[in-house]
Amino acid sequence: MSKFRVNVKASPLLGAALGALLISASAVGIGHAGDLPEGFAKGELAPAPPADMIEAGKRVYFTKCVWCHGVDGAGDGPGADRLWPRPRNFNQGTFKIRHTASGELPLFNYNEKTPGSGKNDLFDTVTHGLPGSAMPPWEGILTEEQRIQVLSFVTTQLVKDRKFTDKQSETQTVLQLGTIKPAEATEDSVKKGAQLIVDKKCIECHGVEGRGDGNAFNLKDDWGFSIQPANWHKCWNFRGSRQDPYNVRNIFRTFSTGVNGTPMPSFADSTSVEDRWNIANFVNSLCERDEEGKPLGIDPLTDKPKINFVVPSAPVEGEISSDPENEMWKKQGRRYVAMGGQITHKPRNFVNRIDDIWVKSLYNEKSVVYLIQWDDRTKSIAEGKLPWAPTQVNVENFGVKEQAPKTGEEGSIAAAQNNYAVYNDAIAFQFPIKWQEIPAPFKPRYLFGDAKFNADILKWEADGSLRSFKGTGWDQDFEERDDFEEKVKLLKSEWKDGRWTVMISRPLKGNKDDYDEYTRFDIGKYIPMVFFAWDGHNGDAGRKMAVSAFYYTILQPPIPQEVYIYPAIIAVGVVFLEGWMLTRRANKKKGKVL
Amino acid sequence: MKALMSVGALIGVLGLLMLIGMIFGVVPSNTVRLVEGYMPMQVLSELAVFVAGFTGLSYLANSMGMAFPRFWQGVLFWAFVQMYLKFRIYPPIPFSVRAMYGVVSFVAVFMWVSANEEDWKKFRQPILNVLDANTGFHKALRTMYLILVPLLIGGFSFVTMKPSVDEPIELRTVHPAPPASTKVHGKTYTLQTSQNPYRVNLEGKYDQAYSNKLIVEQGMGRLMAPNANPWDEKAEGYLKYVREGGEIFFQNCHFCHGDNLNGRGLHAFAFNPIPANFTDPGTIAQLQETFIFWRVAKGGIGLPNEGFPWASVMPPWEQHLTTDEIWKVILFEYWHTGYYPRTWD
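Quantities reported herein were computed from a predicted structural model and do not represent experimental measurements.

A. Structural context of the overall build of chain A. Per the secondary structure count, chain A includes 13 helices and 18 strands. Principal axes of the C-alpha set define a box for chain A whose edges measure 95 × 85 × 50 Å. Here chain A holds 594 residues, and the buried ones make up 57% of them. Of the contacts formed within chain A by residues at least 6 apart in sequence, a portion of 69% connects residues at least 24 apart. Within the structure as shown, chain A displays about 24800 Å² of accessible surface, and the carbon and sulfur contribution to it stands at 53%. Computed over 76 positive and 77 negative side-chain charges, the inter-centroid distance for chain A is 5 Å.

Listed below in C-alpha cells is the structure:
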C-alpha cells in the first residue's frame, strides 16, 4: 500500500510522471477492500456538471476569482505575486484539503450542496475559505448555486492535466469520516498521541512543540515554492479548519489524507484509525486555550481569536520575577495581540510571518514589566554588523524593499521566502510621551508618533540589545536616549522550539516626576500602546515589519475601600425602602377594611 | 384559526430553542447568518416572527386551559428582547446601547400591559398578591424578595463600582466632512467639479449612464452583467479601465479591504478601525467619487481628527500610486460592488 504514501516533491514534470504511475498502480489495486487503508472506502466518480452550469460558473469566476487565480487558472492573477502562499494553480488538479486518498482528486459533485457533508471537498473549501491564506470564505457572498457553478467551471475548464470524470485515470478512495467514531480526547489518548508524533517523525517538520519550526527552511511545494509546516498552536490558521478550528475531525482528516502538492504525506496506511485519533487529539490539545483550558473565543467575522484591546498590568509586592513560570506570572492573564503587516508606508510588508503575540504585564512601585511571547519558526540573528545604525528607520537604501507588484513566479514574494538576507528578530512597543496632555481619544500616530506628540519606544533585538528611542514620525529616524537605556532592563530573552519569550522592565517614570521626556505611568489610567514585531528571516527591518492596532495598557489599582462600603449602604437603604413600602401598604389596607 | 396559531406556536418554540442554544453556545451563533447590509431589516423581521410565535403559543396555552399570567408574559417578553440583543446580534452592541433599548422595550411592554383597565388589573394582580401575602406561598415569596432585592442591588452596585479594565468606548466619524479641494501629485482637484477621467463611454466622453449599464448586478453574489466581462480580450474603454483598476486593487488594497471588497482582507483582523466594507450600502454608495479620491490619495493620516488619523492604517496612496491608478481603482470599486457613485446634483 505504499502507493498512497509516495509524495511528490520534485519538479512538476517529474511529479506528473510519478502521478501517472501512481494512478495506474492504484487502478490495479481497486476492488480489493482489504487493500484500502483503514477507514477508507472506494467511491464513485461524480457525474460531469451540465454545460449551462459551467457557463454560469464562468461568469462567477471572472467576477470574483480571476483576480488571484488568473485567466487560465494557473494561480497567476494580478494579485498572485504579492501573496504567500501563492493562489492555487488549478491546472494540475492538485488540491490540499480532501477526503480522498493521497494523490487523488478531491470530491466534487454538483448535486451535493449540504455544507460539511464530507462529500464535496471543493464546495466546502469555497464555502469556508482557507484560513491563514488570502482565500476568504464565500458563504454569504456567493449563493450555494453560484459556488457550485464556479466549481463546475474550475473543475472542467481550468483543471487541465486531469479529468474529474475519467474512469480510466481517476479513482476515488474516500475517507469515511461520517461513520468513523471519534476516540474521546482522554488523557490516555493525548499521551499516546504525544508519543506517536515522535515515532511517526511528525516533529521533524512540525517541531518538538509543534510550532512548525522543525524544518522551516527546506520544504517546497510541487511548484518549487517554500512552504512552512503548520503551527499546531494556531488551529485557526489550519487551512482545513473549515471555520471550526477546535474540531478534531479536521485534524484527523488532514492526517489521514495528507496535503496534496506539499511534503505532508497521508499516514492512512501506516497508522491505524485509533492511532490517528490519538494523534489528532494530541495535536488539537496543543492549540492555544484560555486559562481554564477552554477553546479561545473565535470571532465569526475574522475567524481569529477575539480581541480585547486592554493589556492590564497587575500590582505585585517587591521584586518581579524574571521566570515566566513563576506563580506571580502564572496568575496573571495573558492577552492576544493581533499583528498585521505594516502596509501603510513603503516598504510595505505584504507577508508578515508573525501574526500574533501574547502579552502579560505586572508592576511594582518602581517598574512595569511586559512579558511578550510569540511564535517564530526561525531564530534570526544578523551575521556581522548591520549596515545601518539602530536608530535608522529609513533603510530602503540598504535593500529592504517592498515586493514589486508584478514580477512573475520567479520574482514573486513566494519565491523570495527563505532567500532574504537575515536580519535580527525584534519586538518593540511604544507609548505616547505626554499622554496626560492629550485628551482621549487623541493619540500620537500609531507609527512612531508624530512631530507634535512624540512616542516613547522600547525596542529589543535578537542580538541581545534593548534600546530606548524617541519617535517623532513614521519617516523620521529615531532619537536614541542613552540615559534611559540604563534604566530599562531585559529580564529574559529566549528562543525555544519556535517561540520567543522576551521580558522587558522599564521604570514607571523618568528621573524627575514630570513627563516631558519619558512616558510616566499613572495608576488606573488607560495608556495607549502599540506593538511592532520583526521576523529576521522574512527580511523584516526598518518599517518592513508587523504592527498591531492601538491597545491600552492600564496599571490596575488595588481595590479602594469605598467599593465595599457604598454598596453595603445602598443595600441597607433598600431594606428601609422595603419596610416603608410594606408599612404603607398595610396601613392602606387597614384603612380600607375599616 | 387554531391551525394558524399552532404554526405560530411551533415557530415560537423553534426560535426560542435556537436562541437558548446560541446563549449556551450549543448552536453556533452563525447558524442563521445576519446578511450584510440588510441587518436592521433582518433583525426587525426576526423579532416580528418571534412575536407571531409567542402569540401562537399564548393562544394555544389559553385554549388548553393553561393560560399564562399576563404579568409573566410581560416580564418574559422584556427579558427575551434583552437576551436577543445580547446574544443574537454580532458584532456585540455595547451595554450602554443595550440599556437604551432596554428602557424603550420596557416602555413598550408597559404600554401593552396597561392598554386597558382589565389588562392592567391582570398585570398588577401578582404583584399585589405578593405584597399582601395572604397565603403561605406568597408569604414565603415575599420574604425571599425582601432578602434578594437588597442583595441584588448591593451586588450590582459593587460590580459597577469595582475598577474594571473594560475597553474604553471611542466613537469615530467614518465619513468626515471633505475639504473643498485636494492637491495630489502637484495638481489641485476641486472636489465639487472633478470627474473620474476613466468613467467614459466609447467616444471617450464622461458618461455615467454608460458605465452604470456595465457594472455588476445587485443581489447575492453581485456578478458581472452578461456580456460585460472586463477580462474579455476585446474589452475597451470603461471595461478595460475596470480591469486595470482591479489589477491595482488586487496588488494593493485587498490585503485589508478583502477579495470581495467587504473589509475582510488578510490583515483586517489585526486593525482597529476595521477596513471599510464597500459592499455595505453605507460606504461608497453614499459618497461622491471625488470624496473617495480624496480619501484614497490622503489615506488615514490625512483624516481630520474626528476620523482618528492616528489609528487608521489606510495608506496615503499618493505615496504608492499615480493619480491615474487611483482613479482606476475607484472605478473598479464601484464596478465590483454594483453601486453608482453619488453625484453632486
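B. Summary view of the environment of A:Ala216. All names here are of chain A. One can find Ala-216 in the loop between α6 (203-206) and α7 (248-257). Spatially, the C-alpha atoms of Ala-216 and Glu-292 are 32 Å apart, while their sequence positions differ by 76 residues. The contact partners of Ala-216, leaving out residues within four places of it in the chain, are Arg-377, Thr-378 and Asn-418.

C. Empty space enclosed by the protein, seen in detail. Residue and element names in this part refer to chain A. As enumerated under the stated definition, the model contains four cavities of 30 Å³ or more in all. Considered as a void within the structure, the largest cavity measures approximately 580 Å³ in volume. Around the largest cavity, the lining is made up of 30 residues, and of these His-69, Arg-88, Phe-90, Leu-130 and Met-135 lie nearest the centre. Mapped onto the lining of the largest cavity, the elements with two or more residues apiece are α2 (51-69), α3 (121-128) and α4 (144-158). Looking at the lining of the largest cavity residue by residue, the class counts come to 21 nonpolar, three polar and six charged. Of the volumes computed, that of the second largest cavity is approximately 160 Å³. As for the second largest cavity, its lining consists of 15 residues, of which Arg-86, Pro-87, Asp-221, Trp-223 and Phe-225 are closest to the centre. When its residues are assigned to classes, the lining of the second largest cavity shows seven nonpolar, three polar and five charged.

D. Just the state of the cysteines, in detail. In this structure the tally under the stated criterion is one disulfide over all chains. Disulfide pairing is shown between A:Cys235 and A:Cys287; the S-S distance is 2.1 Å. Handedness of the A:Cys235-A:Cys287 disulfide follows from its S-S torsion of about -75 degrees: it is left-handed. Here A:Cys235, found in the loop between α6 and α7, pairs with A:Cys287, found in the loop between α8 (273-286) and β3 (298-299); they are 52 residues apart in sequence, far enough to count as distant. Neither A:Cys235 nor A:Cys287 differs from the other in exposure class; each is buried. Between B:Cys253, a free cysteine, and B:Cys256, which holds the nearest cysteine sulfur, the sulfur-to-sulfur gap is 9.1 Å.

E. Region of interest: a positive patch on the surface. A cluster of basic residues, A:Arg584, A:Lys588, B:Lys121 and B:Arg124, forms a positive patch on the protein surface. When residues of the positive patch are traced back to their parent elements, those giving at least two are α13 (562-593) of chain A together with α5 (117-132) of chain B. According to the relative accessible area criterion, B:Lys121 is partly exposed, its value standing at 48%.

F. Structural view of the pairing of strand β8 (residues 356-363) of chain A. Residue and element names in this part refer to chain A. Here β8 lies mainly inside the structure; eight of its eight residues are buried. Here β8 shows no split at all, with Asp-356, Trp-358, Lys-360 and Leu-362 on one side and Ile-357, Val-359, Ser-361 and Tyr-363 on the other all buried. In this sheet, β8 lies alongside strand β5 (residues 310-315) in parallel orientation, the contact comprising two bridges. Following the sheet pairing, Ala-314 is matched in β8 by Leu-362. Pairing analysis gives four bridges linking strand β6 (residues 335-338) to β8, with the strands arranged antiparallel. Its bridge partner lying in β8, Tyr-336 is registered against Trp-358. The pairing of β8 with strand β9 (residues 367-375) spans six bridges and is classified as antiparallel. If you follow Val-359 over to β9, its bridge partner there is Ile-372. Joining the antiparallel neighbours β8 and β9 is a turn of three residues.

G. Here's a closer look at the environment of B:Glu170. Structurally, the position occupied by B:Glu170 is in the loop between α6 (136-161) and β1 (181-184). Exposure remark for B:Glu170: the relative accessible area of 27% places this residue in the partly exposed category. Considering only alpha carbons, one finds B:Glu170 and B:Phe293, 123 residues apart in sequence, at a separation of 27 Å. Once you skip the residues sitting within four places of it in the chain, B:Glu170 turns out to touch A:Pro441, A:Lys443, A:Tyr552 and B:Phe308. At 3.3 Å, the side chain of B:Glu170 and the side chain of A:Lys443 are in polar contact.

H. Summary view of the nonpolar core. Within the largest apolar cluster, 174 residues are counted, with the highest numbers of intra-cluster contacts made by A:Tyr61, A:Ile357, A:Tyr370, A:Phe531 and B:Trp335. For this core, the element with the most residues is α2(A), which contributes nine residues. Leave out the neighbours within four places in its chain, and A:Ile357 touches A:Arg335, A:Tyr336, A:Val337, A:Met339, A:Ile372, A:Gln373, A:Trp374, A:Ile427 and A:Phe531. Of all hydrophobic cores here, the second largest spans ten residues; its members include B:Leu19, B:Phe80, B:Tyr84 and B:Leu85.

I. Quick look at the domain arrangement of chain B. By domain assignment, chain B separates into domain 1 (2-113), domain 2 (125-151) and domain 3 (181-337). Measuring from the centre of the C-alpha atoms in domain 1 of chain B to the corresponding centre in domain 2 of chain B gives 28 Å.

J. Quick peek at the pattern of salt bridges. All names here are of chain A. Overall, the coordinates contain 38 salt bridges over all chains when judged by the stated rule. A salt bridge links Glu-145 to Lys-113; the shortest N-O distance between them is 2.9 Å. With a gap of 32 residues between them, Glu-145 in helix α4 and Lys-113 in the loop between α2 and α3 connect regions that are remote in the sequence. One network of salt bridges, in which partners are shared, links Glu-209, Arg-211, Glu-288, Arg-334, Asp-375 and Arg-499.

K. Examining a nonpolar patch on the surface more closely. On the surface, A:Ile570, B:Phe68, B:Trp72, B:Val75, B:Leu76, B:Met144, B:Tyr145, B:Leu148, B:Val149, B:Leu152 and B:Ile153 cluster together into a nonpolar patch covering about 930 Å² of accessible area. Secondary-structure elements contributing two or more residues to the nonpolar patch are α3 (70-87) and α6 of chain B. Note on B:Leu152: relative accessible area 57%, which makes it exposed.

L. Quick look at the packing of helix α1 (residues 2-23) of chain B against helix α2 (residues 39-63) of chain B. Residues and elements named next belong to chain B. It is at 6 Å that the axes of α1 and α2 come closest, and there the two elements cross at 120 degrees. By the criterion of interaxial angle, the relationship of α1 to α2 is oblique. Along this stretch, α1 crosses α2, giving a crossing that reads as left-handed. Between α1 and α2, the residues in contact are Lys-2, Met-5, Ser-6, Gly-8, Ala-9, Ile-11, Gly-12, Val-13, Gly-15 and Leu-16 and Val-49, Phe-50, Ala-52, Gly-53, Phe-54, Thr-55, Gly-56, Leu-57, Tyr-59, Leu-60 and Ser-63, respectively. Along the lines of polarity and charge, the residues of the contact of α1 with α2 split into twelve nonpolar, eight polar and one charged.

M. Expanded view of the packing of helix α5 (residues 187-199) of chain A against α8(A). All names here are of chain A. Close contact between α5 and α8 brings their axes to 7 Å; oriented N to C, the two are set at 95 degrees. With respect to α8, the axis of α5 lies roughly perpendicular. Of the residues in α8, those in contact with Ser-189, Val-190, Lys-192, Gly-193, Ala-194, Leu-196 and Ile-197 of α5 are Glu-274, Asp-275, Trp-277, Asn-278, Ile-279, Asn-281, Phe-282 and Ser-285. Looking at the contact of α5 with α8 residue by residue, the classes come out as seven nonpolar, five polar and three charged.

N. Layout of the side chain of A:Asp213. Residues and elements named next belong to chain A. Considering the arrangement of structural elements, one finds Asp-213 in the loop between α6 and α7. Within the structure, Asp-213 has its side chain in polar contact with the backbone nitrogen of Gly-498 (distance 3.2 Å). Setting aside residues no more than four positions away along its own chain, Asp-213 makes contact with Cys-205, His-206, Gly-207, Arg-377, Trp-495, Asp-497 and Gly-498.

Cut-off values and rules
- Residues numbered from 1 in each chain as written.
- Chains lettered and ligands numbered in written order.
- Predicted model: local features only at pLDDT ≥ 70, side-chain atom pairs only at ≥ 80, totals over all residues.
- Heavy atoms only, no water.
- Helix = DSSP H or I, 4+ residues; strand = E, 2+ residues; numbered from the N terminus.
- Buried < 20%, exposed > 50% of the residue type's maximum accessible area, 1.4 Å probe, protein only.
- Contact = heavy atoms within 4.5 Å.
- Areas by Shrake-Rupley, 256 points an atom, 1.4 Å probe, with all protein chains shown as cover.
- Lys, Arg positive; Asp, Glu negative; His and termini not counted.
- Charge placed at Lys NZ, Arg CZ, Asp CG, Glu CD.
- 1 Å grid on protein atoms, 1.4 Å probe; cavity = no way out; pocket = protein on both sides within 12 Å on 5 of 7 lines; lining within 4 Å.
- Points joined across faces, edges and corners; volume = space filled by probe spheres on them.
- Nonpolar A, V, L, I, M, F, W, Y, C, P; charged D, E, K, R; others polar.
- Disulfide = S-S within 2.5 Å.
- Patch = residues over 30% accessible without salt bridge, like charges linked within 9 Å, V, L, I, M, F, W, Y side chains within 5 Å.
- Salt bridge = Lys/Arg side-chain N within 4 Å of Asp/Glu carboxyl O.
- Pairing = 2+ DSSP bridges.
- Polar contact = N/O pair within 3.5 Å; in protein donor to acceptor, adjacent residues only side chain to side chain.
- Core = buried A, V, L, I, M, F, W, Y, C linked by side-chain atoms within 4.5 Å.
- Domains from an automatic or database assignment.
- Axes fitted to C-alpha atoms, helices over the stretch in contact; angles between N-to-C directions.
- Parallel < 35°, antiparallel > 145°, perpendicular 65-115°, else oblique.
- Left-handed = near helix turned anticlockwise from the far one by under 90°.

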